[in-house]
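Residue-level listing of the chains:
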Amino acid sequence: MATQYDPQGCCWSGPYRPPVLNPAANLGPVVLNVLERTPQKLAQVNGDTGYTMTSDELRRRSVRFAKFLLASDYRVGDVIALIARNSDNVAPIVLGCFLVGVTVNTLDPSFGLEEVEHILRLTRPRAVIGDGDVLVLVGEAASRVGLCFNHTLVLLHEIRGRDVTLHETWNSVDALVQRTVEQEDGFVPAYWGDSNQLIAAIVCSSGTTGLPKAVRISHTQLIAPYQRISQLDQNDTLLCFSTLYWISGLQILMNGVLNGIRRIITKQPATPELAIQLCKRYQVTVLLVTPTMASDIVRTIAPTERLESIKLFAIGGSTVPKRLREEINRRVLVAGRGRSFVGYGTSETGNIAYELVPREDSVGFLLPGVKAKIIDEYGHPLGPNENGELLIRPVYPFLGYHGDESSTKAALENGTEGFVRTGDIARFDSDGFLYLMDRKREIFKYDGFQIAPTELEELIAELEGVRYVVVVGLPDPERCYNDLATALIVREANESASSPKTLTEQAVIDHCAQTADGRARPKQKWLRGGVIFVDQLPMTASGKVMRSAAKQLARQWKLQNSPH
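Residues numbered from 1 in each chain as written. Predicted model: local features only at pLDDT ≥ 70, side-chain atom pairs only at ≥ 80, totals over all residues. Heavy atoms only, no water.

S.K.: Sorry, what's going on with the overall build of the chain here?
M.R.: When you go through the chain residue by residue, the secondary structure sums to 15 helices and 29 strands. Taken against the 2.2 N^0.38 rule, which gives 24 Å for 564 residues, the C-alpha radius of gyration of the chain at 24 Å falls within 12% of a compact globule. Principal-axis analysis of the C-alpha atoms gives the chain an extent of 75 × 60 × 55 Å. Across the 564 residues of the chain, 57% fall into the buried class. The contacts in the chain between residues at least 6 apart in sequence include a share of 68% that link residues at least 24 apart. About 24,600 Å² of surface is accessible on the chain, with carbon and sulfur atoms providing 49% of the total. Averaged over its 60 positive side-chain charges, the chain has a centre that lies 2 Å from the centre of its 63 negative ones. (Helix = DSSP H or I, 4+ residues; strand = E, 2+ residues; numbered from the N terminus. Rg over C-alpha atoms; globule rule 2.2 N^0.38 Å. Buried < 20%, exposed > 50% of the residue type's maximum accessible area, 1.4 Å probe, protein only. Contact = heavy atoms within 4.5 Å. Areas by Shrake-Rupley, 256 points an atom, 1.4 Å probe, with all protein chains shown as cover. Lys, Arg positive; Asp, Glu negative; His and termini not counted. Charge placed at Lys NZ, Arg CZ, Asp CG, Glu CD.)

Here it is as structure tokens:
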């Protein structure tokens, strides 16, 4: 499974391993084939209500929704917007769209008007399906961009304990998928064209540095990666809080369906208490969370408590400090049964690397078929142990950003070879292990030195009393070509009490300026912008820090507390 390096081409490659499922087939036939094999096996469990859905029921509901789309004259390439929490009928809707070649555009229910308007302007959907409490906002956004929906379908009538009054033109998804339709057992999906080019879904980039881009995902990209591997078996249970807006939510859905593994779903907001509760109640074996949620679980779980069923505690979405991984293994999991597990991927390329063989701070080896290059700022290829921008050529081609050709061209290296710019600064060591250093756009400079915020964040995270930290670069008022490293920190709960605080600004500054034995650290690691203690950091719905918003927060704080 080791990554191989070609010194002539300065290119790294994952091992060769052909897919088990046929990537040339459309998703519809593949999904129905898998679901029909084990009709009585549980495919989905609602952690809020306890309602269980077998593979057979999931298949029937998906077919019923597909037949509704066909009867309503939806065609290949039409887009349907889905803005919903994880409830019973989300999976049948998505699979039903796959069956008829309709593209699903997933949005997050936490979106504000500006974000919804931005995505709708790019994707131009024919219909919208969502929870009742967000459809009014979607309607307002649609009117701003001149959209008139063919259908508006409601998934949930009751959200967080309050009833939602249904608009007279809205229809309930429940009525569509729970009613038997003609020939649902003999339904055979048509072949809708080349799966490499057929768009299954439009998901969005994370939006941590601005408005998200609409990433096109092909049928092939959702078929090929999800096949049973040695870490999973038919008795496993998956838990991921992400809605299908996030690529991780879509990946977990496909992983469960195509591997015949049950998923736990919940529409409740992700909290460490709920994660622990669901893991214990349903004997979850594979848990996927963000580093923020992982950190909260470590801090919430009782000292004598363990998540005994967990085999893989998977963490993704951003860099994962070594200390956090060690704390999970030591304080959350059962030694010899479970371990923390780091994965790396992007919405554009899919999964890139997995930590199948642990090595300190590495995200592991490239996955089968994936190729990678590291380039400097001038586009020159770099070799082992050299930092530069990571370019990835996925197994199946990147289809670009919907409604944004300029960004699509910018993401492709000179439009050749199929390599996609990740925007991540990374390196490979001489053994082929991949290390992420930072996001290219988040790197800033002081006196010509490049400063990687995550390196400083990992350094600060070593201090007792730090719950969350993000480092941003603020302009130097005296030298415009410099950025000053500034840390925003959320203290641990006991550090926020009225008692004297051990985590002070000077303690953090000193820790970044010198080592424990008094040696000076490199000057680019000094916090010349100081430390700002805040009650919370701006985060996306999935638990990623929104760096652009954090930088704006730091700027406002500096202005308000300026002596001038």
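S.K.: So what exactly am I meant to see when it comes to the nonpolar core here?
M.R.: Residues Phe65, Leu69, Phe98, Ile129, Leu222, Met254 and Leu258 are the most contacted members of the largest nonpolar core, which totals 58 residues. Ranked by residues supplied to this core, first place goes to helix H3 (residues 90-99) with eight residues. Among residues more than four places away in sequence, those in contact with Met254 are Leu27, Val31, Phe98, Leu222, Tyr226 and Asn259. (Core = buried A, V, L, I, M, F, W, Y, C linked by side-chain atoms within 4.5 Å.)

S.K.: I tried to follow the environment of Val154 on my own but got confused; where do I start?
M.R.: Turning to its location among the elements, Val154 is positioned in strand S8 (residues 151-154). Note: C-alpha distance between Val154 and Thr454 (300 residues apart in sequence) is 41 Å.

S.K.: Help me understand the sheet that holds strand S14 (residues 237-240) in this model?
M.R.: One key point about sheets: their strands pair by backbone hydrogen bonds, in either a parallel or an antiparallel sense. Strand order in this open sheet of nine strands is S4-S3-S15-S14-S16-S17-S18-S19-S20, and the pairing throughout is mixed. Across the chains shown, the open sheet's two edge strands, defined by having one partner strand only, are strand S4 (52-54) and strand S20 (365-366). Pairing between strand S18 (residues 339-346) and strand S19 (residues 350-354): four bridges, direction antiparallel. Across the sheet, Gly343 pairs through a bridge with Tyr354, a residue of S19. In the packing of helix H8 (residues 247-259) onto the sheet, contacts are made with S14, strand S15 (262-265), strand S16 (286-289) and S19, and the angle to S14 comes to roughly 165°. (Pairing = 2+ DSSP bridges. Axes fitted to C-alpha atoms, helices over the stretch in contact; angles between N-to-C directions.)

S.K.: Looking at this model, I keep getting lost on the sheet that holds strand S27 (residues 466-475). Mind explaining?
M.R.: Strand order in the open sheet made by the three strands is S27-S28-S29, with mixed pairing throughout. Both outer strands of the open sheet, S27 and strand S29 (530-533), are each paired with one neighbouring strand and no more. Each neighbouring strand pair of the sheet contributes to a mean axis angle of 25°, computed without reference to strand direction. Lying over the sheet, helix H15 (residues 547-560) contacts S27, strand S28 (483-491) and S29, oriented at roughly 75° with respect to S27.

S.K.: Help me understand helix H1 (residues 27-37), please; the structure alone is not making it clear to me.
M.R.: An α-helical segment advances 3.6 residues per turn. Residues three or four places apart therefore align on the same side. Leu27, Gly28, Val30, Val31, Leu32, Val34 and Leu35 are the residues of H1 that are buried. For H1, the secondary structure elements touched by its buried residues are helix H2 (55-71), H3, strand S12 (199-204), helix H7 (219-223) and H8.

S.K.: How do you make sense of the pattern of salt bridges when you look at a structure like this?
M.R.: A pair can form between side chains of opposite charge whenever their charged atoms are brought close. Considering all chains together, one arrives at 24 salt bridges under this definition. Three or more residues are tied together by salt bridges with common partners; here these are Asp56, Arg59, Arg60, Arg64, Glu184 and Asp185. (Salt bridge = Lys/Arg side-chain N within 4 Å of Asp/Glu carboxyl O.)

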